[in-house]
Amino acid sequence: AVRGDADGDAGGLVGGWPYYHSKLVAERKAKEAADRLGVPLVILRPSSILGPGEASLPTRKMLEYYRTKSVYKHLSGGVPYVPEGGLSFVDVRDVARAFLAAMDRPQANGRAMLLGADGGNMKLSAFFAKLEALSGVRAQTRRVPYALAWGYISLRHAAAAAMGGSYHVDPVVVEMANHFWYADASLAKSILGFSPRPIDETLLDSLVYIADKGHLMGLPKGVPRMTLRRAKL
């Protein structure tokens, strides 16, 4: 099923996951503050954000951020297996335009709107297949049953915690990756004039940017240095 703006915030599903729970709490606090102060409030909910970074001066924080993204993990061979779930993707440049429009259009006040690209709803297996087709880097295709993946990660996590350390993957991440996070941006299109670019353009620009900056991010040698092209703003 594809979630739309009329479906609410899915608090019953995500309330037990700290990352999403923190966003729900932030939204509720923002609504309370807006009501108390009598100021306008627009809530925008972008799906998984991709796209190129600032080409002229990539900061250390920006490079660390890109190392956490699935596109980097694909290029670096860091995808251990392909979860069964799906995601919605959107371009950072289109998200930025939506935020500007939200501040400029009175009819947006009081609304909460999803932001996702056309064609951006896809299973993770299809997502990595697209990255392979665009980059020439072979995608991970290994599938692991959810119960096995969750059990293994939970054991590693518990063992690391018992020794006073931490494991780099949390069981919660495995749980979230087994769900489908599809989004319908119809309301944002109607009210904000949101017009997201094709998802393949976003993926290609993301690949080109990360491959071009790979020597700064620690990409392994042998990753194709893709032909750099000027990304459309």
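Residues numbered from 1 in each chain as written. Predicted model: local features only at pLDDT ≥ 70, side-chain atom pairs only at ≥ 80, totals over all residues. Heavy atoms only, no water.

**Focus on the sheet that holds strand β3 (residues 86-91)**
Here is step 1: A sheet is described by the order of its strands in space; here three strands give the open sequence β2-β3-β5, paired in mixed fashion. Two strands bound the open sheet, and with one partner strand each, they are β2 (48-50) and β5 (121-123). Each strand axis lies, on average, 45° off the axis of its neighbour in the sheet, ignoring direction.
Here is step 2: Sheet topology note: the β2/β3 ladder contains three bridges and is parallel. (Pairing = 2+ DSSP bridges. Helix = DSSP H or I, 4+ residues; strand = E, 2+ residues; numbered from the N terminus. Axes fitted to C-alpha atoms, helices over the stretch in contact; angles between N-to-C directions.)

**Notes on the packing of helix α6 (residues 124-135) against helix α10 (residues 199-212)**
In a pair of packed helices, the angle between the axes and the distance between the axes together describe the arrangement.
Here is step 1: Where α6 meets α10, the closest approach of the two axes is 10 Å, and the angle between their N-to-C directions is 60°. On the basis of their axis angle, the class for α6 and α10 is oblique. Seen along the crossing, α6 lies across α10 with a hand that is right-handed. Taking contact as the criterion, the partners of Phe127, Lys130, Leu131, Leu134 and Ser135 in α6 are, on α10, Asp200, Leu203, Leu204 and Leu207.
Here is step 2: Here the contact of α6 with α10 is composed, by residue class, of six nonpolar, one polar and two charged. (Parallel < 35°, antiparallel > 145°, perpendicular 65-115°, else oblique. Left-handed = near helix turned anticlockwise from the far one by under 90°. Contact = heavy atoms within 4.5 Å. Nonpolar A, V, L, I, M, F, W, Y, C, P; charged D, E, K, R; others polar.)

**A word on the packing of aromatic side chains**
Aromatic ring pairs are defined here through the distance separating the ring centres and the angle between the ring planes.
Here is step 1: This structure, assessed with the given rule, holds seven aromatic pairs.
Here is step 2: Summarising the aromatic geometry, the rings of phenylalanine 127 and phenylalanine 128 are spaced 5.1 Å apart at their centres and angled 65° between planes, so their arrangement reads as edge-to-face. With respect to burial, phenylalanine 127 and phenylalanine 128 carry one shared label: buried.
Here is step 3: Taken together, the ring pairs connect Trp17, Tyr19, Tyr20 and Trp181 into an aromatic cluster. (Phe/Tyr/Trp six-rings, centres within 6.5 Å; stacked < 30°, edge-to-face > 60°. Buried < 20%, exposed > 50% of the residue type's maximum accessible area, 1.4 Å probe, protein only.)

**Points about the pattern of salt bridges**
Here is step 1: In this structure the tally under the stated criterion is ten salt bridges.
Here is step 2: Salt-bridge contacts for arginine 197 lead to aspartate 91; the nearest nitrogen and oxygen are separated by 3.8 Å. You can see arginine 197 sitting in the loop between α9 (186-192) and α10 and its partner aspartate 91 sitting in strand β3, a full 106 residues away along the chain.
Here is step 3: Overall, the relative accessible area of 9% leaves arginine 197 in the buried class. (Salt bridge = Lys/Arg side-chain N within 4 Å of Asp/Glu carboxyl O.)

**What to know about the nonpolar core**
Here is step 1: Judged by nonpolar contacts, the single largest core of 25 residues is most densely connected at Val71, Leu75, Phe127, Phe128, Leu131, Ile210 and Met217.
Here is step 2: Of all the secondary structure elements, the ones that give two or more residues to this core are α3 (60-67), α4 (70-76), α6 and α10.
Here is step 3: In terms of residue count, the dominant contributor to this core is α10 (six residues).
Here is step 4: Leaving out residues up to four positions away in the same chain, leucine 131 has contacts with Ser70, Val71, His74, Gly136, Leu203 and Leu207.
Here is step 5: One finds Val90, Ala98, Ala102 and Phe194 within the second-largest nonpolar core, a separate group that totals 14 residues. (Core = buried A, V, L, I, M, F, W, Y, C linked by side-chain atoms within 4.5 Å.)

**A few points about the pairing of β3**
Here is step 1: Of all six residues in β3, five are buried, a share of seventy percent or more.
Here is step 2: Two elements, β3 and β5, share three bridges in a ladder whose sense is antiparallel. The partner of leucine 87 across the bridge, within β5, is methionine 122.

**Describing α10**
Here is step 1: Taking 1.5 Å as the rise per residue, α10 with 14 residues should run 20 Å; its terminal C-alpha atoms sit 20 Å apart, in good agreement.
Here is step 2: For α10, the tally of buried residues reaches eleven of 14 residues, placing the bulk of the element in the interior.
Here is step 3: Within the span of α10, buried status applies to Ile199, Thr202, Leu203, Asp205, Ser206, Leu207, Val208, Tyr209, Ile210, Ala211 and Asp212. (Expected span 1.5 Å × (residues − 1).)

**A closer look at α6**
Here is step 1: When the terminal C-alpha atoms of α6 are compared, their 16 Å separation across twelve residues agrees well with the 16 Å that a helix rising 1.5 Å per residue should span.
Here is step 2: By the burial criterion, the buried members of α6 are Leu124, Phe127, Phe128, Leu131 and Ser135. Seen from one end, α6 has its buried residues packed into an arc of 90°, which puts them on one side.
Here is step 3: Each element contacted by the buried residues of α6 is listed here: β2, α4, β3, β5, α8 (171-177) and α10.
Here is step 4: Among the residues trailing α6, glycine 136 stands out with phi positive, at a value near 80°. (Arc of directions from axis to C-beta.)

**Some words on the side chain of glutamate 27**
Here is step 1: With respect to the element layout, glutamate 27 can be found in helix α2 (residues 18-37).
Here is step 2: Accessibility expressed as a relative area gives 14% for glutamate 27, which makes it buried.
Here is step 3: Once residues within four sequence positions are removed from consideration, glutamate 27 is found in contact with Ile43 and Arg45.

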